[in-house]
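# Commentary on secondary and tertiary structure
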Number of protein chains: 2
Amino acid sequence: MTAAAPPSLLERARSGDRRALGRVLSVVENEEPGAAEILRETYAQAGRAVVIGITGPPGGGKSTLVSRLVGAYREDGSRVAVVAVDPSSPFTGGAILGDRVRMQQRALDDGVFIRSMASRGHAGGLSRTTARVVTVLDALGTAVVIVETVGVGQEEVDVVRVADTVVLVMVPGLGDDIQAIKAGVLEIADVLVVNKADRPGADDAARDLAQMLTLGKGRTPWKPPIVRTSATTGEGLQDLVAAIARHRAWAAESGEHDRRRAGAARAEVEAVLREALVRRLADRIGRDRLERVVERVARREVDPYAAVDELLAE
Amino acid sequence: MTAAAPPSLLERARSGDRRALGRVLSVVENEEPGAAEILRETYAQAGRAVVIGITGPPGGGKSTLVSRLVGAYREDGSRVAVVAVDPSSPFTGGAILGDRVRMQQRALDDGVFIRSMASRGHAGGLSRTTARVVTVLDALGTAVVIVETVGVGQEEVDVVRVADTVVLVMVPGLGDDIQAIKAGVLEIADVLVVNKADRPGADDAARDLAQMLTLGKGRTPWKPPIVRTSATTGEGLQDLVAAIARHRAWAAESGEHDRRRAGAARAEVEAVLREALVRRLADRIGRDRLERVVERVARREVDPYAAVDELLAE
């Protein structure tokens, strides 16, 4: 028996070692040493996974729906991952106990990988970190990546843009305040879901959504279908899977898929560029010098523009 | 009578011309030509206003409370501004009609300036743009700036960090899902409010908050007080004003105020630096060249890191 080099972390992750995969993602998420190397090595292999974003206000039953979708996509044996960026999601430790137990049952399935993103402390922004985590999962053999986020904040809306297909989950009767939120997220939704469709007010909710859709001018000719589901009973789930597949087929044919991927590439190049430029400059002028300038700005002895002019003039 | 140069937009805004002020803020918010000049000219004069952040989930009655606070701070004739970054706020056009009418009454007061921030399309991030708008309002003679945001998303949490004192508004009985949100925002709150304190469950809500506070390790020795209010009747408002003043006094004495301002200065210098560096590079290598690289990354012919190495090597 000859001594072979031990398989690298990336190789182990690719072959299905979940602990190795978790470790790889932590390196990327926390920008630990080696993060850039992992992204360099995985980038070319990514781009094959189906990436689905699920968003909507808290209390809409998103997580139960995600759990159902995972079950549906697992049927043919594909590897499925959930990336949860929603602080109210049971995947991230929020929500009520019953939900969390249900999720943990999914987590026992070897073909399912669940990743909770910390919602704080991403220097380059949560949306960029999420995009990188999705790239790595995609490159390492995940067939379907579901990104769950709470669709109320700007950053969370940006996060879900990493997806090829964005599903917005609404429920009947959440009241005016929460309904107001949907205006901002409606424009990024490719498929609309009225969940808890057995509740009173489901017809009204579906009609309201349909009306808002006719009012809004779409960016594309795609008309988001409205699907009614009951995540707890599983009703409507096949309709949702079919609607996602239809959107995917349309996006591929119309060029929308390529446009989104190009937008994502541009954001990533610009982010890496900014980081590299600031690092180079900081190396050249020194952290101390930068700190002294920041202190003078904090004391308002100099404005930030003059300070930067000064730094760049050196 | 000698012909004098017409007063500049900034001078007019400073002397209380609301249309001029609105125009100045639009230039800054949309990064129109002249934005950098306005910030250069105003930066040194800012730093005197009391900046209060009001955050919390939608449906908590934040806007009614803000409207009450405006009334309280207006009593001595000070100029007060509201910067609304909350899509569900009546200040930004969300929420129910009754609220909106109430806000419009405030808007008729000449000493009150209300600014709704668009929640989308801020290239440098919503939090940076908000910080700049607050700086300009501060420099141009606003004594109290109240920033209202919905405390559920990461970006919105970042926005409210511009404030000297952050007030988190909760209401009894919003359910587990929404309660889960508070974990993330609790750590940035300086004053906690249980609004709609006449509702059943107010005691429970106050007790839950008190317990979460004992569990969490504070960053500072300041212990956030819990104030009960009823925004509709005005009950508890004086307690809230007093709690904000106490936090302000503590922050000034303990150095916390200076630490936050230094943090804000650092963020601003770094943002301006990144912009300047990217602009310089884009000028040098040309937009076309950058676009071609982005296209190759989108086709995954090259990874973003290699692409940036290539751009910087030229």
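Please refer to the structure higher up on the page.
Residues numbered from 1 in each chain as written. Chains lettered and ligands numbered in written order. Predicted model: local features only at pLDDT ≥ 70, side-chain atom pairs only at ≥ 80, totals over all residues. Heavy atoms only, no water.

### Describing the overall build of chain A
Note the following rule: Runs of E in the DSSP output that reach at least two residues are strands. Runs of H or I that reach at least four are helices, and both are numbered from the N terminus. For every residue, the accessible area obtained with a 1.4 Å probe (protein chains only) is divided by the maximum for its type, and the residue is called buried under 20%, exposed over 50%, and partly exposed between those limits. Areas reported here follow the Shrake-Rupley algorithm with a probe of radius 1.4 Å; residue values treat only the protein chains shown as occluding.
Looking only at helices and strands, one finds 13 helices and 7 strands in chain A. Expressed as a percentage of the 314 residues in chain A, the buried residues total 54%. Carbon and sulfur atoms provide 51% of the accessible area of chain A, an area that totals close to 13,800 Å².

### Section: helix α6 (residues 126-139) of chain A
Residue and element names in this part refer to chain A. Our working rule: Expected span of a helix: the number of residues minus one, times 1.5 Å.
When the terminal C-alpha atoms of α6 are compared, their 20 Å separation across 14 residues agrees well with the 20 Å that a helix rising 1.5 Å per residue should span. Among the 14 residues in α6, 12 count as buried, and that is most of the element. Leu126, Arg128, Thr129, Thr130, Arg132, Val133, Val134, Thr135, Val136, Leu137, Asp138 and Ala139 are the residues of α6 that are buried. Of the residues trailing α6, Gly141 is marked for its positive phi of about 100°.

### Considering the packing of aromatic side chains
Just so we agree on the cut-off: The criterion for an aromatic pair is that two Phe, Tyr or Trp rings (for Trp, the six-membered ring) have centres within 6.5 Å, with stacked assigned to planes under 30 degrees apart, edge-to-face to planes over 60 apart and tilted to the rest. We call a charge positioned above a ring when the Lys NZ or Arg CZ atom is no farther than 6 Å from the ring centre and deviates by at most 35 degrees from the ring normal.
Under the defined criterion, the tally for this structure stands at 2 aromatic pairs over all chains. With a centroid separation of 5.4 Å and an interplanar angle of 35°, the aromatic rings of Trp222 of chain A and Trp250 of chain A are classed as tilted. Placement of Trp222 of chain A in the loop between α9 (202-215) and β7 (226-228) and of Trp250 of chain A in helix α10 (residues 237-254) is noted, with a sequence separation of 28 residues between them. Comparing Trp222 of chain A with Trp250 of chain A, the two get one shared label, buried. Taking NZ or CZ as reference, Arg300 of chain B lies 4.5 Å from the ring centre of Tyr43 of chain A, over its face.

### Let's talk about the nonpolar core
For the record, the criterion: For this analysis, a nonpolar core means a set of buried residues of the types Ala, Val, Leu, Ile, Met, Phe, Trp, Tyr and Cys, connected via side-chain atoms within 4.5 Å. Throughout, a contact is declared for two residues whenever any of their heavy atoms are within 4.5 Å.
Residues Leu137 of chain A together with Leu137 of chain B are the most contacted members of the largest nonpolar core, which totals 104 residues. Not counting residues up to four positions away in its chain, the partners in contact with Leu137 of chain A are Leu21, Leu25, Ala81, Val83, Phe113, Thr142 and Val145 of chain A. By size, the runner-up hydrophobic cluster in this structure holds 25 residues, among which are Val82, Val169, Val191 and Ile244 of chain B.

### Considering the sheet that holds strand β5 (residues 165-170) of chain B
Residues and elements named next belong to chain B. Here is the rule we go by: Paired strands are those between which DSSP finds at least two bridges. The convention used is that axes are lines fitted to C-alpha atoms, helices contributing only their stretch in contact, and that angles between N-to-C directions extend from 0 to 180 degrees.
As summarised here, the arrangement of the 7 strands in space is β3-β2-β4-β1-β5-β6-β7, forming an open sheet in which the pairing is parallel. The outermost strands of the open sheet, each flanked by one partner alone, are β3 (112-116) and β7 (226-228). Strand-to-strand twist of the sheet, defined as the mean angle between neighbouring strand axes without regard to direction, takes the value 20°. One ladder, built from 5 bridges, connects strand β2 (residues 80-84) with β3; its direction is parallel. Bridge assignment links Ala84 to a residue of β3, and that residue is Ser116.

### Focus on the pattern of salt bridges
So the rule is basically this: What counts as a salt bridge is simple: a side-chain nitrogen of Lys or Arg found within 4 Å of a carboxyl oxygen of Asp or Glu.
Inspection of the entire model under this criterion finds 42 salt bridges over all chains. Among the ionic pairs, Glu31 of chain A bridges to Arg132 of chain A, the shortest N-O distance being 3.7 Å. Here Glu31 of chain A is found in the loop between α2 (18-29) and α3 (35-43), whereas its partner Arg132 of chain A is found in helix α6, with 101 residues between them in sequence. With relative accessibility at 39%, the residue Glu31 of chain A sits in the partly exposed group. Between Glu268 of chain B and Arg132 of chain B there is a salt bridge, with the nearest N and O atoms lying 2.8 Å from each other. You can see Glu268 of chain B sitting in helix α11 (residues 256-285) and its partner Arg132 of chain B sitting in helix α6 (residues 126-139), a full 136 residues away along the chain. No difference in accessibility class separates Glu268 of chain B from Arg132 of chain B, as the two residues are buried.

### Re the pairing of strand β1 (residues 50-55) of chain B
Residues and elements named next belong to chain B. The buried fraction of β1 is high, at 6 of 6 residues. What you see with β1 is no split at all: Val50, Ile52 and Ile54 on one side and Val51, Gly53 and Thr55 on the other are buried throughout. Sheet analysis places β1 next to strand β4 (residues 144-148), joined by 5 bridges and oriented parallel. Of the residues in β4, the one forming a bridge with Gly53 is Val147. Two elements, β1 and β5, share 4 bridges in a ladder whose sense is parallel. Bridge assignment links Ile54 to a residue of β5, and that residue is Val167.

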